[in-house]
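Listed here are the chains, written in short residue letters.
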Amino acid sequence: MSSKDSKDKPWGGRFDEPTDAFVEAFTASVGFDQRLYYFDIEGSKAHARMLDKVGVITADECKHIIEGLDDILGDIERNDFAWSVSLEDVHMNIEARLTERIGEAGKKLHTGRSRNDQVATDIRLYLRGEIDFIVSELKRLQTGLLEVAEREAATIMPGFTHLQVAQPITFGHHMLAWYEMLVRDVARLVDCRKRVNVMPLGSAALAGTSYPLDREYTAQLLEFDSVSNNSLDAVSDRDFVIEFCAAGALIMTHLSRFSEELVLWASAQFDFIELPDRFCTGSSIMPQKKNPDVPELVRGKSGRANGNLIALLTLMKGQPLAYNKDNQEDKEPLFDTVDTLKGSLRAFADMMPHVQVKRENSLRAAKQGFSTATDLADYLVGKGVAFRDAHEVVGKAVRYGVENGKDLSDMSLTELQQFSSAITEDVFEVLTLEGSAASRDLLGGTAPQQVRMQIERARKQIS
Ligand code: ARG
């Protein structure tokens, strides 16, 4: 990047000495806001068309501006554009180049506009597209989860509370729990997008402008749903960035929770799943290792998303109206959250459908913690035993199981009858893990039949 004298800067008129070289670099944002170039050019083209429509520039000037901006877009995309730090940001770089290329008409583009409403518009255009992409990635992951859920609708695994075996559940049901978290994530982003898609352009520096701008027309060209109602608010508002980053932090929190379970399940101690080799790495010293790097890294990256949210909340909290240079600090956290989400979601959406479930192992694990104890108690209640007495009976049976290394479902009828004479042959219908899971056959329950119904409903929901 090159640097030049502050006399050449678009705002250089009232300055007597050049900007301090360090200050120039310190205050510049072009190093990161050049990411907005496409939206900056789209916004400028729409602004020029509107200036033409209301008669502030001529049709000929408008044509030159648009052609010039399209040429610049081509240069940037061919990597043939020299970004200059002394031109501070993406906006002034593009505008200065436009004037270099097309002369006088280029100087008229900024009529009735300020970088303050310009940058707010650019970020909104950028974020709108990123939200749409992230929503589509969330749905791709949801589709993958439904695939696993369908394959494993009847697969038994232990359900945990306190990470202690609690009751048998189906693996499909567990996948659907993850699916539901993502339903809320999609809804939050879709809702956030409504507040993103409002156009600040026309607010100018802070107070609006005396030119007869047709803001509705510009908004229509840029496909904004509406225009902002208060110029002071519009140039300084970054609520939409915070909202997005809050939704993003929650998405990363969900992915981090999924990751934690995948890491546990892939360990030798659980051994419920096999992650595809192509999503894992080995160790340079321990030849036997296959490490679940992708979920580990995603779990780690959730820290960034939280950090970005806190950075943005803190950035805004002390700002008086209207625009302050502080706002330039909104971009890096936002971009980082966008990148973190896109990377993490891509990895998860690619990986999830290929996770292999080791059914015998998850079944064996469910047998280890007396997971059908509640079922046995409920069975006794059904036979007329009071719940407190039933609890006591089952407690004794569990103690016997611990001493003899047997799960309840492994005990014979005679063994079980030592604890209560109310127990008869039909006990095995509830005592087996499959029987226990199948009996939770109500809306939202873990029974395979319910899981299949939920998958069908979910497929319609995301289509
Ligand atoms: N680079 C600035 C930003 O990111 C653009 C707006 C600057 N406006 C100003 N009056 N200095 O916020």
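Residues numbered from 1 in each chain as written. Predicted model: local features only at pLDDT ≥ 70, side-chain atom pairs only at ≥ 80, totals over all residues. Heavy atoms only, no water.

## A closer look at the overall build of the protein chain
Turning to step 1, where the next piece is worked out: Looking only at helices and strands, the protein chain has 20 helices and six strands in total.
Turning to step 2, where the next piece is worked out: Projecting the C-alpha coordinates of the protein chain onto the three principal axes gives extents of approximately 100 × 50 × 40 Å.
Turning to step 3, where the next piece is worked out: Here the contacts in the protein chain between residues at least 6 apart in sequence split such that 75% fall between residues at least 24 apart.
Turning to step 4, where the next piece is worked out: Summed over all atoms, the accessible surface of the protein chain reaches about 21,700 Å², with 52% contributed by carbon and sulfur.
Turning to step 5, where the next piece is worked out: For the protein chain, the separation between the mean place of its 54 positive charges and that of its 71 negative charges on side chains is 1 Å. (Helix = DSSP H or I, 4+ residues; strand = E, 2+ residues; numbered from the N terminus. Contact = heavy atoms within 4.5 Å. Areas by Shrake-Rupley, 256 points an atom, 1.4 Å probe, with all protein chains shown as cover. Lys, Arg positive; Asp, Glu negative; His and termini not counted. Charge placed at Lys NZ, Arg CZ, Asp CG, Glu CD.)

## Regarding the side chain of Ser420
Turning to step 1, where the next piece is worked out: Within the secondary structure, Ser420 is located in the loop between α17 (413–417) and α18 (427–431).
Turning to step 2, where the next piece is worked out: Using a relative accessible area of 11% as the deciding quantity, one classes Ser420 as buried.
Turning to step 3, where the next piece is worked out: A polar contact is formed between the side chain of Ser420 and the backbone nitrogen of Ala422, at a distance of 3.0 Å.
Turning to step 4, where the next piece is worked out: The residues contacting Ser420, other than those within four sequence positions of it, are Leu380 and Val393. (Buried < 20%, exposed > 50% of the residue type's maximum accessible area, 1.4 Å probe, protein only. Polar contact = N/O pair within 3.5 Å; in protein donor to acceptor, adjacent residues only side chain to side chain.)

## Re the packing of helix α11 (residues 239–266) against helix α12 (residues 293–317)
Turning to step 1, where the next piece is worked out: Running from N to C, α11 and α12 cross one another at 160 degrees; their axes reach a closest spacing of 8 Å. Here α11 lies roughly antiparallel to α12, going by the angle between them. Once α11 is placed against α12, the crossing between them reads as left-handed.
Turning to step 2, where the next piece is worked out: Per-class residue counts for the contact of α11 with α12 are 16 nonpolar, six polar and four charged. (Axes fitted to C-alpha atoms, helices over the stretch in contact; angles between N-to-C directions. Parallel < 35°, antiparallel > 145°, perpendicular 65-115°, else oblique. Left-handed = near helix turned anticlockwise from the far one by under 90°. Nonpolar A, V, L, I, M, F, W, Y, C, P; charged D, E, K, R; others polar.)

## A closer look at the packing of aromatic side chains
Turning to step 1, where the next piece is worked out: Counted according to the given criterion, the structure contains 14 aromatic pairs.
Turning to step 2, where the next piece is worked out: Taking the centre distance of 4.9 Å and the plane angle of 55 degrees together, the rings of Trp11 and Phe15 count as tilted.
Turning to step 3, where the next piece is worked out: Residue class for Trp11 comes out partly exposed when judged on its relative accessible area of 27%.
Turning to step 4, where the next piece is worked out: Phe15 gets classed as partly exposed once you look at its relative accessible area, which sits at 36%.
Turning to step 5, where the next piece is worked out: Here the aromatic rings of Trp178 and Phe258 are separated by 4.3 Å at their centres, their planes lie at 5 degrees, and the arrangement is stacked. Of this pair, Trp178 sits in helix α8 (residues 171–196) while Phe258 sits in helix α11, placing them 80 residues apart in sequence.
Turning to step 6, where the next piece is worked out: Owing to a relative accessible area of 1%, Trp178 belongs among the buried residues under this scheme. (Phe/Tyr/Trp six-rings, centres within 6.5 Å; stacked < 30°, edge-to-face > 60°.)

## Considerations on the site of the ligand
Turning to step 1, where the next piece is worked out: Around the ligand, the surrounding shell consists of Ser29, Asp33, Asp89, His91, Arg115, Asn116, Val119, Tyr323, Gln328 and Lys331.
Turning to step 2, where the next piece is worked out: Ser29 is positioned such that a nitrogen or oxygen atom in its side chain is 3.2 Å from a nitrogen atom of the ligand.
Turning to step 3, where the next piece is worked out: Relative to its unbound accessible area of 340 Å², the ligand is 85% covered by the protein chains.
Turning to step 4, where the next piece is worked out: The element contributing the most residues to the shell around the ligand is helix α7 (residues 115–151), with three residues. (Near = heavy atom within 4 Å.)

## Examining the nonpolar core
Turning to step 1, where the next piece is worked out: Ranked by size, the top nonpolar core spans 71 residues in total, and within it Phe244, Trp265 and Leu334 carry the most contacts.
Turning to step 2, where the next piece is worked out: Broken down by secondary-structure element, the contributors of at least two residues to this core are α7, α8, α11, α12, α13 (331–351) and α20 (448–462).
Turning to step 3, where the next piece is worked out: In contact with Phe244, not counting residues within four places along its chain, are Leu127, Ile131, Ile134, Leu189, Cys192, Leu334, Thr337, Val338 and Leu341.
Turning to step 4, where the next piece is worked out: Judged by nonpolar contacts, the second largest core, of 22 residues, contains Ile41, Ile65, Ile72 and Leu73. (Core = buried A, V, L, I, M, F, W, Y, C linked by side-chain atoms within 4.5 Å.)

## Quick word on the pattern of salt bridges
Turning to step 1, where the next piece is worked out: As enumerated under the stated definition, the model contains 40 salt bridges in all.
Turning to step 2, where the next piece is worked out: Notably, a salt bridge pairs Asp70 with Lys45, separated by 2.8 Å at the nearest N-O pair. Taken together, the residues Asp70 in helix α4 (residues 59–77) and Lys45 in helix α3 (residues 37–53) connect sequence positions 25 residues apart.
Turning to step 3, where the next piece is worked out: Judged by relative accessible area, which is 34%, Asp70 ranks as partly exposed. (Salt bridge = Lys/Arg side-chain N within 4 Å of Asp/Glu carboxyl O.)

## Overview of the packing of α11 against α13
Turning to step 1, where the next piece is worked out: The interhelical angle for the contact between α11 and α13, taken along N-to-C directions, is 35 degrees, at an axis separation of 10 Å. With respect to the hand of their crossing, α11 and α13 are arranged in left-handed fashion. Of the residues in α13, those in contact with Val241, Phe244, Cys245, Gly248, Ile251, Met252, Leu255, Phe258, Ser259 and Leu262 of α11 are Leu334, Thr337, Val338, Thr340, Leu341, Ser344, Leu345, Phe348 and Met351.
Turning to step 2, where the next piece is worked out: Residue composition of the contact of α11 with α13, grouped by class: 14 nonpolar, five polar and no charged.

## Considerations on α4
Turning to step 1, where the next piece is worked out: Counted at 1.5 Å a residue, the expected span for α4 with its 19 residues is 27 Å, and the 27 Å between its end C-alpha atoms agrees.
Turning to step 2, where the next piece is worked out: Those residues of α4 that sit buried are Glu61, Cys62, Ile65, Ile66, Gly68, Leu69, Ile72, Leu73, Asp75 and Ile76.
Turning to step 3, where the next piece is worked out: Buried residues in α4 make contact with α3, α5 (90–102) and α6 (104–108). (Expected span 1.5 Å × (residues − 1).)

## Observations concerning the pairing of strand β1 (residues 156–161)
Turning to step 1, where the next piece is worked out: Summarising the sheet, β1 and strand β2 (residues 164–170) pair through six bridges and their orientation is antiparallel. Residue pairing across strands places Thr161 opposite Gln164, the latter belonging to β2.
Turning to step 2, where the next piece is worked out: Linking two consecutive strands that pair antiparallel, namely β1 and β2, is a turn of two residues; a positive phi of about 60 degrees is found at His162 within it. (Pairing = 2+ DSSP bridges.)

## Here's the deal with α12
Turning to step 1, where the next piece is worked out: Compared with an ideal rise of 1.5 Å per residue, which puts 25 residues at 36 Å, α12 spans 37 Å between its outermost C-alpha atoms and is within 8% of the ideal.
Turning to step 2, where the next piece is worked out: All buried positions along α12 are accounted for by Val294, Pro295, Val298, Ser302, Ala305, Asn308, Leu309, Leu312, Leu315 and Met316.

## Here's the deal with a nonpolar patch on the surface
Turning to step 1, where the next piece is worked out: On the surface, a nonpolar cluster with roughly 350 Å² of combined accessible area is contributed by Phe22, Val23 and Phe26.
Turning to step 2, where the next piece is worked out: With a relative accessible area of 58%, Phe22 lands in the exposed category. (Patch = residues over 30% accessible without salt bridge, like charges linked within 9 Å, V, L, I, M, F, W, Y side chains within 5 Å.)

## Some remarks on unusual backbone geometry
A negative phi holds for most residues other than glycine; trans holds for most peptide bonds.
Turning to step 1, where the next piece is worked out: Look at the link from Leu321 to Ala322: it is a cis peptide, with omega at 0 degrees.
Turning to step 2, where the next piece is worked out: Note that Ala322 resides in the loop between α12 and α13.
Turning to step 3, where the next piece is worked out: One non-glycine residue, Asp271, lies in positive phi territory at about 55 degrees.
Turning to step 4, where the next piece is worked out: Within the fold, Asp271 resides in the loop between α11 and β5 (273–274).
Turning to step 5, where the next piece is worked out: What makes Asp271 partly exposed here is its relative accessible area of 25%.
Turning to step 6, where the next piece is worked out: Although it is not a glycine, Phe370 adopts a positive phi angle of roughly 55 degrees.
Turning to step 7, where the next piece is worked out: Relative to the helices and strands, Phe370 resides in the loop between α14 (359–366) and α15 (373–382).
Turning to step 8, where the next piece is worked out: You can call Phe370 buried: its relative accessible area is 16%.

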